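In case you want the letters, here they are:
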Amino acid sequence: MSKKVPFAIKETEYCPDCGSELVIRNGSHGPFYACSGYPTCHYLRPLKTQGDGHVVKELDGQLCPKCGAILVLRQGRYGMFIACSDYPECEHTELIDKPGDTSIKCPQCQQGKLLQRKSRFGKTFHSCSRYPECQFALNNKPISGECVFCHYPLLIEKRTSQGVKLFCASKLCSKLQFNEIEKKNE
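Residues numbered from 1 in each chain as written. Predicted model: local features only at pLDDT ≥ 70, side-chain atom pairs only at ≥ 80, totals over all residues. Heavy atoms only, no water.

Going by the annotation in an unreviewed UniProt entry, the name recorded for the chain is DNA topoisomerase type IA zn finger domain-containing protein, with Xenorhabdus santafensis given as the source organism.

Here you go:
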């Protein structure tokens, strides 16, 4: 059973292996071309070509630090990024949203700093700059300070129904702290 495709095919294409007509099928990774003589011929190819991101616009006045060509803004499978216009000869790329440094020391390794990052789903989290050596991560905003109860060197800010509150960042403690945020709300 083939599904209807919301666009029209301009011309009929034929299988390069056996010469049968190519038909559009729908798979778990999207639509693709497949040979109509399927059990005997297993030819298939993706409907869309998998590029390294299409060019959205050229960035005038900005040059590649590696080769000196013009930088371009590209749309890739993981979002927007800046790249060299001479790709694939020059593979220079830059992130648009660079991780923000909080200048708070990592409580686990005491060497790295906590950086604000984004997950593949777009959620913000904070993790150690020494990843993968140190795998400390938080889902809430870190606040420099010490827990009143267990003396853990980091607090986190949580939004509750009573307002913004500070809690201990240790998973073993996680107690509410007595702080200035509570006093301002009273």
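1. Topic: the overall build of the chain
Heads up, the condition is: By definition, any uninterrupted DSSP run of H or I lasting at least four residues is a helix, any uninterrupted run of E lasting at least two residues is a strand, and each is numbered from the N terminus. Note on areas: these come from Shrake-Rupley sampling with a 1.4 Å probe, and a residue is covered only by the protein chains present in the view.
When its secondary structure is counted, the chain shows 1 helix and 14 strands. Taken as a whole, the chain presents about 13,900 Å² of accessible surface, with 51% of it coming from carbon and sulfur.

2. Comments concerning the UniProt feature "domain: DNA topoisomerase type IA zn finger" (unreviewed entry) in the chain
For clarity, the cut-off: UniProt positions are given in the numbering used here, feature names are shortened, and annotations may be inferred rather than shown by experiment.
The positions that UniProt labels "domain: DNA topoisomerase type IA zn finger" (unreviewed entry) are, in the present scheme, residues 13-49, 62-98 and 104-142. End C-alpha to end C-alpha, residues 104-142 measures 8 Å, and it is 0% helix and 44% strand.

3. Examining the sheet that holds strand E6 (residues 79-84)
Two modes of strand pairing occur in sheets, parallel and antiparallel, and in both the strands are linked by backbone hydrogen bonds. Defined as follows: Here the rule is simple: two strands pair whenever DSSP picks up at least two bridges between them. Axis definition: a line fitted to C-alpha atoms, limited for helices to the stretch in contact. Angles are taken between N-to-C directions and run from 0 to 180 degrees.
The strand order across the open sheet formed by 4 strands is E4-E5-E6-E7, and the pairing between neighbours is antiparallel. The two strands at the open ends of the sheet, each matched to only one other strand, are strand E4 (54-63) and strand E7 (93-95). Each strand axis lies, on average, 30° off the axis of its neighbour in the sheet, ignoring direction.

4. Re the packing of aromatic side chains
The cut-off we apply is this: A pair of aromatic rings is counted whenever rings of Phe, Tyr or Trp (Trp by its six-membered ring) have centres within 6.5 Å, and the orientation is called stacked for planes under 30 degrees apart, edge-to-face for over 60 and tilted otherwise. Two conditions define a charge sitting above a ring: the NZ of Lys or the CZ of Arg must be within 6 Å of the ring centre, and it must be within 35 degrees of the ring normal.
Within the structure shown, the criterion is met by 0 aromatic pairs. The ring centre of phenylalanine 149 lies 5.0 Å from the NZ or CZ of lysine 175, which sits over that ring.

5. So, the sheet that holds strand E13 (residues 154-160)
With antiparallel pairing, the 3 strands of this open sheet are ordered in space as E12-E13-E14. Where the open sheet ends on each side, the last strands, each with one partner, are strand E12 (141-144) and strand E14 (163-168). Each strand of the sheet is rotated relative to its neighbour by a mean of 40°, with strand direction disregarded. Bridging between E13 and E14 involves 6 bridges; their strand directions are antiparallel. Pairing of arginine 159 across the sheet is with valine 164, part of E14.

6. With respect to the confidence of the model for the chain
Definition in use: On a range of 0 to 100, pLDDT expresses the predictor's confidence in each residue. In what follows, residue pairs with any heavy atoms lying within 4.5 Å of each other are defined as contacts.
Confidence along the chain averages 80 in pLDDT terms, with 83% of residues attaining 70 or more. Considering only residues more than four positions removed or in separate chains, one finds that residues 182-186, a stretch of pLDDT under 50, has 5 contacts.

7. Topic: a nonpolar patch on the surface
Our working rule: Patches in this entry comprise residues that are over 30% relatively accessible and not in a salt bridge; like charges within 9 Å are linked, as are nonpolar side chains (Val, Leu, Ile, Met, Phe, Trp, Tyr) within 5 Å. In the sections that follow, a salt bridge refers to a side-chain nitrogen of Lys or Arg positioned within 4 Å of a carboxyl oxygen of Asp or Glu. Using a 1.4 Å probe on the protein chains alone, a residue whose accessible area is under 20% of its type maximum counts as buried, one over 50% counts as exposed, and one in between counts as partly exposed.
A cluster of nonpolar side chains, namely Val56, Met80 and Ile96, defines an oily patch on the protein surface of about 240 Å² accessible area. Looking at the element boundaries, methionine 80 is found in strand E6. When its relative accessible area of 37% is taken as the criterion, methionine 80 is described as partly exposed.

8. Re unusual backbone geometry
Between tyrosine 131 and proline 132 the backbone carries a cis peptide bond, its omega angle lying at 15°. Here proline 132 shows up in the loop between strand E10 (124-128) and strand E11 (137-138). Residue histidine 151 is not a glycine yet carries a positive backbone phi of 65°. Within the element layout of this structure, histidine 151 appears in the loop between E12 and E13.

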